[in-house]
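These are the residues of each chain, in order.
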Amino acid sequence: MDAMTPVRPTSADRALLQGPHSRTRELLLLLRAVVDFLRGFRVLHFIGPCVTVFGSARFGRDDSYYALGRRLGQRLADIGFTVMTGGGPGLMEAVNRGAREAGGRSVGCNIVLRQEQQPNAYLDRWVTCRYFFVRKVLLFKYSYAFIALPGGVGTIDELFEAFTLIQNGKIRQFPMILMGTEYWRPLTDLLERMAAVGAIGPRDRDLLLVTDDVEEAIAHLERNAIERFALRAPKPSRWLGESAPAARALAPRTGP
């Protein structure tokens, strides 16, 4: 099946976490996950340094957070990042839309759901995953920063996965940003309480920048992602079979 072909959830997909099965069936489940990974690696291999943006699928185009996401996508493209989202509607669409409108690269890691989430219309490339754990690997594998717009349990799950990976040294200390100070206040209060009782380290809370200001977020990324990890604008190249996007594209610095 092609990487961009939608897939539908099946009983085999749901069976992965339903206890032990026969060895043959367990092998088939494992192979389905491997196919998910191979599809993702093939589609996303050349997308360049990304910023992954999490956010709810349930905010419509008239919502102020949609406008915030669209502006964020535009500015991420302006400074050269490929914008990666979960590929769905709502705030994910807003960020992808902003990146596309700014002439930047816009990609998504979609997921097979019962409500048949479809990739939004503003993606240059996307992959549709059967399994959430595969999708998470792809969202984290190519990114130099993680930003959370307002969202529900899925957004929080993805945010804390990034937090845990950074906290435990499984990935480097890439910047994490929460957009929407009032929306995220209960979460930041909880983190303060965790730090106060020693459930997280005193420096863990400092991993997060919380802001409503897109320009503050962009400045934070320029200092803590582009400069810190020595990203650079490469020579003009071809991507997706077309001329390089109008916005500046970044690449890891591999030499002097």
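Here the structure is a predicted model, which means the values were calculated and not measured.

The rules behind the values
Residues numbered from 1 in each chain as written. Predicted model: local features only at pLDDT ≥ 70, side-chain atom pairs only at ≥ 80, totals over all residues. Heavy atoms only, no water. Phe/Tyr/Trp six-rings, centres within 6.5 Å; stacked < 30°, edge-to-face > 60°. Helix = DSSP H or I, 4+ residues; strand = E, 2+ residues; numbered from the N terminus. Buried < 20%, exposed > 50% of the residue type's maximum accessible area, 1.4 Å probe, protein only. Lys NZ or Arg CZ within 6 Å of the ring centre and 35° of its normal. Polar contact = N/O pair within 3.5 Å; in protein donor to acceptor, adjacent residues only side chain to side chain. Patch = residues over 30% accessible without salt bridge, like charges linked within 9 Å, V, L, I, M, F, W, Y side chains within 5 Å. Areas by Shrake-Rupley, 256 points an atom, 1.4 Å probe, with all protein chains shown as cover. Salt bridge = Lys/Arg side-chain N within 4 Å of Asp/Glu carboxyl O. Expected span 1.5 Å × (residues − 1). Axes fitted to C-alpha atoms, helices over the stretch in contact; angles between N-to-C directions. Parallel < 35°, antiparallel > 145°, perpendicular 65-115°, else oblique. Left-handed = near helix turned anticlockwise from the far one by under 90°. Contact = heavy atoms within 4.5 Å. Nonpolar A, V, L, I, M, F, W, Y, C, P; charged D, E, K, R; others polar.

Visitor: Would you explain the packing of aromatic side chains in this entry?
Guide: Each pair of aromatic rings is reported with the distance of its centres and the angle of its planes. One pass over the full model with this rule turns up 14 aromatic pairs. With a centroid separation of 6.5 Å and 65° between ring planes, the pair formed by Phe 146 and Phe 174 is classed as edge-to-face. With Phe 146 in strand 5 (residues 143–148) and Phe 174 in the loop between helix 6 (153–167) and strand 6 (176–179), this residue pair connects regions lying 28 residues apart in the sequence. Each member of the pair, Phe 146 together with Phe 174, is buried. By way of ring pairs, the aromatic residues Phe 54, Phe 140, Tyr 144, Phe 146, Phe 174 and Phe 229 are connected into one cluster. If you follow Lys 141 out to its NZ or CZ, it ends over the ring of Phe 41, 5.1 Å from the centre. Seen from the ring of Tyr 142, Lys 141 lies directly overhead, with NZ or CZ sitting 5.7 Å from the centre.

Visitor: Where do I start with the side chain of Ser 56 in this structure?
Guide: Take Ser 56: it is sitting in the loop between strand 1 (50–54) and helix 3 (64–78). Among the polar contacts listed, one links the side chain of Ser 56 to the backbone nitrogen of Arg 58, at a separation of 2.9 Å.

Visitor: Can you help me understand a nonpolar patch on the surface in this one?
Guide: A contiguous nonpolar surface patch, about 690 Å² in accessible area, is contributed by Leu 27, Leu 28, Leu 30, Leu 31, Val 34, Leu 38, Phe 41 and Val 137. Residue contributions to the nonpolar patch peak at seven residues, all from helix 2 (residues 23–44). Looking at the secondary structure, you find Leu 38 in helix 2.

Visitor: Looking at this model, I keep getting lost on the pattern of salt bridges. Mind explaining?
Guide: In a structure, side chains of opposite charge can pair up when their charged atoms sit close to one another. One pass over the structure, following the stated rule, counts 13 salt bridges. Its salt-bridge partner being Arg 100, residue Asp 124 comes within 3.2 Å of it at the nearest N-O pair. With Asp 124 in the loop between strand 3 (106–111) and strand 4 (125–129) and Arg 100 in helix 4 (residues 91–101), the pair connects residues that are 24 residues apart, well separated along the chain. Residue classification places Asp 124 among the partly exposed positions, given a relative accessible area of 23%. Owing to a relative accessible area of 33%, Arg 100 belongs among the partly exposed residues under this scheme.

Visitor: I keep staring at helix 7 (residues 181–197) and nothing clicks. Help me out?
Guide: Because each turn of an α-helix spans 3.6 residues, side chains separated by three or four positions end up pointing in the same direction. Here helix 7 is 17 residues long and its end C-alpha atoms lie 23 Å apart, about the 24 Å a rise of 1.5 Å per residue gives. Residues of helix 7 that are buried: Trp 184, Leu 187, Thr 188 and Leu 191. Trailing helix 7 by a residue or two, Gly 198 shows a phi angle of about 85°, which is positive.

Visitor: Whenever I open this one, the packing of helix 3 against helix 4 confuses me. Can you help?
Guide: Between two packed helices, the angle of one axis relative to the other and the distance separating the axes together describe the packing. Where helix 3 contacts helix 4, the two axes come as close as 6 Å, and the packing angle between them is 40°. One way to sum up the angle between helix 3 and helix 4 is to call them oblique. Helix 3 and helix 4 meet at a crossing whose hand is right-handed. In this structure, helix 3 contributes Tyr 65, Tyr 66, Gly 69, Arg 70, Gly 73, Gln 74 and Ala 77 to the contact, and helix 4 contributes Leu 91, Glu 93, Ala 94, Val 95, Arg 97, Gly 98, Ala 99 and Glu 101. Class assignment for the residues of the contact of helix 3 with helix 4 results in seven nonpolar, four polar and four charged.

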